[in-house]
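Descriptive structure summary
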Amino acid sequence: MKNSDERLKAALKKYFGFSEFRSGQKEIIDNLLAHKSTLAILPTGTGKSLCYQLVGKISRKPVVIISPLISLMQDQVEQLRFAGEKKVVALTSALPFTHKQYVVNHLAQFDFIYLAPEMLNKEELVAALLKLDLALLVVDEAHCISKWGPDFRPDYLALGALRKYLHFPVTLALTATATKKVADDIRKSLFETEKISVIRHSVDRPNIFLAVEKVTSQNAKNLKLIQLVKRLKTPGLIYFSSKKKADEIADLLRQKTRLNVSSYHAGLSGIDRYAIQQQFMRGKLDIVCATSAFGMGVNKKDIRYVIHYHLPADLESYLQEIGRAGRDGGQSIAVLLYQKSDADLQRSLIEKTLPENEMIQYYMDNAQRLTGRVGEQGELLDYYRKQGLSSEKIKQLFSERRRDRKSNLSEILAYINTVGCRRDYIKKYFGEKSKSQHNALCCQLIGDQIPFEQLALTNSEVLTGSKVSQNGGYNRIIKKLFNL
Amino acid sequence: MDELLYFFSKTQPRRPTVVRQVLSNKRTVSNLFWGMRYGIIDWLAVCPRFERAKFDGEIKELIRRGRLIETGDREVLLTETGVKQCTAFESQHYRIKKPAIFGALKTQLWQELLRLLVQVISEASYHNRRYFVVASSFQAQTIIKRWYKENRQYDLGRVLGEQLLLFLENVDRQHADIFMQLFSGHDVIAKTIEQVAADTNYSACDVQFLWEDLSASLAAFLYNGSSIFKSLVAPLMASSRLSKSAAATYGLYESGLPLSTIKTKRRLKESTVIEHLLEAAIFVPTFDFKRLLSVKDYYVLRQLFQGNIDNWSYKKLESVEPTVSFAKFRLYQIEQTRLNADNISD
């Protein structure tokens, strides 16, 4: 055993340059190398992807990773390439047809194959997958099966069938946050009655102070935000539900502070997104105003705060997003800005994304004519229809979904309004038994002030000023670029 | 919006539709001819994704603000205010200087290749192999990988540095500075278009135009030079401004084949062959008009038409000499435009 431990460590050093595993990693890797399928629930920032990457390296067989977001996949491909891995590819609908075809025809040449779930509808791809001698099938962000599955990514629901078709390869389902209900959903959908190992680490991140700031108006929210960012140690991340607002507030913060601020969202060109991500990673930006498009693959260790300008849809997403802070273990803070009307915005989003009974009936009555013309809602309806579900069953599914979403919203509102320890509230929500020892560095109880000084999060240093604009004249840049 | 004023004239009534279609590369012979008459044919394909509704809305607004005035028959003229506004706009904003290259170059792919090339060579100049590659398509990455493999034995950093310095020597200093700030490389992070705009007096749109213009000009510079980078640009640069099909037809025409043979060989309708030849007449400086226009044609046309070419009407010709086709009439207009280039109003 000792011997194999040493071999594992040597492989870790060789391929990734680390001397020690982080908590949970070794347990997962041991399981997988012993051919045990595993559901791993580890908080963000604990190095989940390293687990399957190392198993792929050690077993010298291909690893297939199903991932829900193109941006996330591209980030991970880039990170693997950065680590010197050349045989890696992301097969998504964004690839031009001829390139997709090339990749499918040469699938065996790749060691790490990232797949968007919708790609699994392609018969030739699935046939090509069957021919591979897989080290591992990975389902990344596995909570999508439960949380996003019924809403946005029906294809995730078909992963159980894919496993069966591929003769039950060793599978690693990864997620950062999963309540017992979600974990059960994942098990049922992916593994049915198969015996698997579940590795769960606490969702709690003790070095992130939890705070909620209630405000009475949009204006008061902006003022509070300006106050916070002026006071807090950078770098920081501010999350928004809308691209427009992210741009608007980035502008406002540039005007009202001396901080370097940029916005980041799916509306920007790939090249601008790259630039902002790199600037932020290398400490040239103080703040990024982002939508959820930012972050999944961003591995910046020293983010000191995550502020939510809008109300997240549920505690799972909230935990995912604040998990970007303090990956270096240093004291950090998560602040949720809350205005009463924010809840209405979330409620209307729920109504907008989930079709009502009349709409469902209308769609089912006119399905032939409407297929492919009703946007996301239609896509999901179409999926259910093809599954042979009746109108009544579909109505029932959506109404359950609506109820779940509303209950998720109530949970996050309850987190905001809790009179007790916020950390305890979260742990309880995720079914964790241990209680926190509340103290001044734990969370802000309702009505209390944030203890900035005690947290040592006050910005006492000179601001970054205009680091971004230090590139200089063209001569200098060219000489710097090419080492002349 | 005011940048559109540039495409209109105080004296020559112009159709906004033609301007839009030239900018977005709709290559009908009529568009190309009028683009030539308006003196804006070099702007062909500069804005391939210009939305019709957006364009029409902007023209409407320019009319509402009194910068353009409608003159009937869907044509407009620049007003005195429009001229002033145009001049004022030009002094504050970036204007694309070499639009003609846009029509010949696969601009978007080139921009991707250029960013990637600079990064790959920059990192190699520091012997660094671990870096995050700038956002780029699979196609661009494949091209650069292949090209780099074939050429990495050369001192690429030094050569590319020299080529860039040489190219930027003849570019306005501020523009050169802005251009180079848009590249990432070893320990150098690009600024975004918005960030550059915030640091200068330019709008984001200006910086975008500057980037597109200078990267296209750089492509032409490398293409016309003899450095190692020529081989990267050449496959992206069209040798003629003709569409592929028109170029094929013109090739046969140039080799001396009669129209009837060209028609059979190309399996095209005669009218299509003629359209291709009209396109060639517009774009090919050495086009031989005399092969299609007889001495008699010239005589008739010369008798009937003098003065401003814009005002010539085929109806007038048809009523006098119906044997001279519309195509011949148009060819004569093109030839005369060429000969009287000075007559083109601006």
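Below you will find a few notes about this structure. (Residues numbered from 1 in each chain as written. Chains lettered and ligands numbered in written order. Predicted model: local features only at pLDDT ≥ 70, side-chain atom pairs only at ≥ 80, totals over all residues. Heavy atoms only, no water.)

**So, the side chain of Lys395 of chain A**
Residues and elements named next belong to chain A. For clarity, the threshold we go by: A run of H or I in DSSP becomes a helix once it reaches four residues, and a run of E becomes a strand once it reaches two; helices and strands are each numbered from the N terminus. Relative accessibility under 20% of the residue-type maximum defines a buried residue, over 50% an exposed one, and the middle range a partly exposed one, all with a 1.4 Å probe and only protein chains included. In this description, contact between two residues means that some pair of their heavy atoms is separated by no more than 4.5 Å.
Looking at the element boundaries, Lys395 is found in helix α17 (residues 391–417). Classification of Lys395 by relative accessible area gives buried; the value is 14%. Apart from residues lying up to four places away in sequence, Lys395 is in contact with Asn357, Ile360 and Gln361.

**Quick notes on the sheet that holds strand β8 (residues 208–215) of chain A**
Residues and elements named next belong to chain A. Rule in force here: Note on pairing: DSSP must find at least two bridges between two strands before they are called paired. With axes taken as lines fitted to C-alpha atoms, and helix axes fitted only over the stretch in contact, angles between N-to-C directions fall between 0 and 180 degrees.
Overall, parallel pairing links the 6 strands, which are arranged β8-β13-β12-β9-β11-β10 in an open sheet. With one partner strand each, in any of the chains shown, β8 and β10 (261–264) form the two edges of the open sheet. With direction set aside, neighbouring strand axes in the sheet form an average angle of 20 degrees. With 8 bridges connecting them, β8 and strand β13 (residues 332–339) associate as parallel partners. For Ala211, the partnering residue across the bridge sits in β13 and is Val335. Here helix α9 (residues 218–231) sits on the sheet in contact with β8, β9 (236–239), β11 (287–290), β12 (305–308) and β13, set at roughly 170 degrees to β13. Relative to β10, helix α11 (residues 270–281) is tilted by about 135 degrees, and along the sheet it contacts β9, β10 and β11.

**Here we look at the sheet that holds strand β6 (residues 171–175) of chain A**
Picture the strands of a sheet paired through backbone hydrogen bonds; they go either parallel or antiparallel. All names here are of chain A. The parallel open sheet is built from 7 strands, whose spatial order is β3-β4-β2-β5-β6-β1-β7. Bordering the open sheet on either side are β3 (88–91) and β7 (197–200), each of which pairs with just one other strand. Ignoring strand direction, the axes of neighbouring strands in this sheet form an average angle of 15 degrees. Sheet analysis places strand β2 (residues 63–66) next to strand β5 (residues 136–139), joined by 4 bridges and oriented parallel. Across the sheet, residue Val64 finds its bridge partner in β5, namely Leu137. Each of β1 (38–41), β5, β6 and β7 touches helix α2 (residues 25–33); the most contacted strand, β7, lies at about 170 degrees to it. Helix α8 (residues 180–191) rests against β1, β5, β6 and β7 of the sheet, and its axis sits at about 155 degrees to β6.

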